[in-house]
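Spelled out from the first residue to the last, the chains are:
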Amino acid sequence: MKAVWYDRTGAAREVLQYGELPTPSAGVGQVLIRIRASGVNPSDAGMRRGGTGSMAYPRIVPNSDGAGVVEAVGPGVSERWVGKRVWFYNGQRNGRAFGSAAEYIELDVDLVRELPDHVSFAEGATLGIPCMTAHVALFKAGPVQGRTVLVTGGAGAVGHYAVQLAKWAGATVIATVSSQDKAERALAGGADHVIDYRREDVAARVRELTGGEGVHHIVDVDFGGNLAASLASLRMNGSLAFYATRGEAAPQVPAGALMRLNLSVHGVYLPVSPHEQRRRAQDDITRWIGTGSRILSVAGTFPLEDTAGAHEMVEAGGKVGTVVVEVG
């Protein structure tokens, strides 16, 4: 099969190789997928660059997410999967060295869900890590129906999915953004209110929008950077789930304030999240994308042989949505 791989870390065009690798076969409990689209996440580019330390495996086929068609099944898997359009995640995670930058991948059937006919393979490849992270963070503290949720970075890859899923689940949604274009994107995703954090006092606006009570739950893109505003935006017995902390990697946490508000704070890292949470995310996302009321943003597309270009676009920043490698 055609595939892209690297044997050492470094700049995309220096280390990514394109050529032939053996085509895998489906093992026990697995399906063999003919990949049509591969999603590139910042974590994929970071691992290739070497930001996570030494190589986890001698050879890595990058990219975790993707979409395609099941061509064969292994022992213990129903034949009904054959011919199904599917989306998947964790292609190159949790003990797996070979990800989705290839023509084929063999995966545990538990990592795979059906992709509706009206959703393109490129759109399906945008789900995986961003959408599942959004789901786990959104529902980490329980249901959000009838509650008010604050999503920081509501136009980003994870944040935009969190906005859409929260609205789908029956929440009132407030999103923070950094520009008018991003405000329009968050509103298009279903946000009831947007706050430009560069021009407005986030906590003051949240209090104004909630009649002084604050929000029930926060889905946060930057725990350390947003900590002060988040604490001032949460109501008593509220909760916060963060999936990054770029603004301050080791923030000083005011434990007394958290205690007096009886707040719960959750860190979210998808690959090690409880299995039942990931399974629920897969099932909910599959139902949600079947509704037709969703925005699955493809930031750009590249052919498999130019996977380096896709990684470079991710590293350049400023993208809207997920960069996708189209495999064929």
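Before going further, it helps to spend a moment on the overall build of the protein. Of the regular secondary structure elements, the protein holds 11 helices and 15 strands. Its C-alpha atoms give the protein a radius of gyration of 20 Å, within 12% of the compact-globule value 20 Å for 328 residues. Along the longest, intermediate and shortest principal axes, the C-alpha atoms of the protein span 60 × 40 × 35 Å. For the protein, the distance from the average position of its 32 positive side-chain charges to the average position of its 33 negative side-chain charges is 3 Å.

The final tally for this structure, using the stated rule, is two aromatic pairs. Taken together, a centroid distance of 4.4 Å and an interplanar angle of 20° make the contact between phenylalanine 223 and phenylalanine 242 stacked. Here the residue phenylalanine 223 occupies a position in helix H8 (residues 223-233), and phenylalanine 242 occupies one in strand S12 (residues 234-242), the gap between them amounting to 19 residues. Take phenylalanine 223: its relative accessible area is 8%, and that puts it in the buried class. Across from the ring centre of tryptophan 81, 4.7 Å away, lies the NZ or CZ of arginine 80, which sits over that ring.

Right, let's talk about the layout of surface pockets for a bit. A volume near 1,600 Å³ is recorded for the largest pocket. Among the secondary structure elements, those contributing two or more residues to the lining of the largest pocket are helix H2 (42-49), helix H4 (128-138), helix H5 (157-168), strand S9 (172-177), helix H6 (180-188) and H8. Along the lines of polarity and charge, the residues of the lining of the largest pocket split into 22 nonpolar, 20 polar and seven charged.

Let us look at H6. The complete set of buried residues in H6 reads Ala183, Arg185 and Ala186. For H6, the angular spread of buried residues about the axis comes to 160°, placing them on one side. Facing away from the buried side of H6, by more than 90 degrees, are the exposed residues Gln180, Asp181 and Ala188. Along its buried surface, H6 packs onto H5, S9 and strand S10 (193-196). Positive backbone phi, approximately 115°, marks glycine 190, located one or two places after H6.

Once that is clear, we can look at the sheet that holds strand S11 (residues 215-220). The six strands are arranged S10-S9-S8-S11-S12-S13 in an open sheet whose pairing can be described as parallel. Strands with a single pairing partner mark the edges of an open sheet, and in this sheet they are S10 and strand S13 (264-267). Averaged over neighbouring strand pairs, the angle between their axes works out to 15° when direction is ignored. Here H6 sits on the sheet in contact with S9 and S10, set at roughly 160° to S9. Of the strands in this sheet, strand S8 (148-151), S9, S10, S11 and S12 touch helix H7 (residues 202-209), which is tilted by about 160° from S10.

Topologically, threonine 126 is positioned in the loop between helix H3 (121-124) and H4. Using a relative accessible area of 0% as the deciding quantity, one classes threonine 126 as buried. A distance of 2.7 Å separates a polar side-chain atom of threonine 126 from the backbone oxygen of glutamate 123. A distance of 2.6 Å separates the side chain of threonine 126 from the side chain of tyrosine 161, its partner in a polar contact. The contacts of threonine 126, once residues within four sequence positions are left out, are Tyr161, Leu296, Ser297, Val298, Thr322 and Val324.

Below, the discussion takes up the nonpolar core. Ile33 and Ile289 are the most contacted members of the largest nonpolar core, which has 86 residues in total. Among the elements that take part in this core, H4 stands out by supplying seven residues, more than any other. When neighbours within four sequence positions are excluded, isoleucine 289 is seen to be in contact with Trp87, Leu115, Pro116, His118, Val119, Leu127, Arg294 and Leu296. Within the second largest apolar cluster, 15 residues are counted, among which are Leu150, Ile218, Phe242 and Leu258.

A separate point is the packing of H2 against helix H11 (residues 307-316). The N-to-C vectors of H2 and H11 enclose an angle of 105°; their axes lie 9 Å apart at closest approach. Classed by the angle they form, the pair H2 and H11 counts as roughly perpendicular. Contact residues: Pro42, Asp44, Ala45, Arg48 and Arg49 in H2; His311, Val314 and Glu315 in H11. Residues that form the contact of H2 with H11 fall into these classes: three nonpolar, one polar and four charged.

Rules used throughout
Residues numbered from 1 in each chain as written. Predicted model: local features only at pLDDT ≥ 70, side-chain atom pairs only at ≥ 80, totals over all residues. Heavy atoms only, no water. Helix = DSSP H or I, 4+ residues; strand = E, 2+ residues; numbered from the N terminus. Rg over C-alpha atoms; globule rule 2.2 N^0.38 Å. Lys, Arg positive; Asp, Glu negative; His and termini not counted. Charge placed at Lys NZ, Arg CZ, Asp CG, Glu CD. Phe/Tyr/Trp six-rings, centres within 6.5 Å; stacked < 30°, edge-to-face > 60°. Buried < 20%, exposed > 50% of the residue type's maximum accessible area, 1.4 Å probe, protein only. Lys NZ or Arg CZ within 6 Å of the ring centre and 35° of its normal. 1 Å grid on protein atoms, 1.4 Å probe; cavity = no way out; pocket = protein on both sides within 12 Å on 5 of 7 lines; lining within 4 Å. Points joined across faces, edges and corners; volume = space filled by probe spheres on them. Nonpolar A, V, L, I, M, F, W, Y, C, P; charged D, E, K, R; others polar. Arc of directions from axis to C-beta. Contact = heavy atoms within 4.5 Å. Pairing = 2+ DSSP bridges. Axes fitted to C-alpha atoms, helices over the stretch in contact; angles between N-to-C directions. Polar contact = N/O pair within 3.5 Å; in protein donor to acceptor, adjacent residues only side chain to side chain. Core = buried A, V, L, I, M, F, W, Y, C linked by side-chain atoms within 4.5 Å. Parallel < 35°, antiparallel > 145°, perpendicular 65-115°, else oblique.

Worth remembering: the numbers are spatial, not functional.
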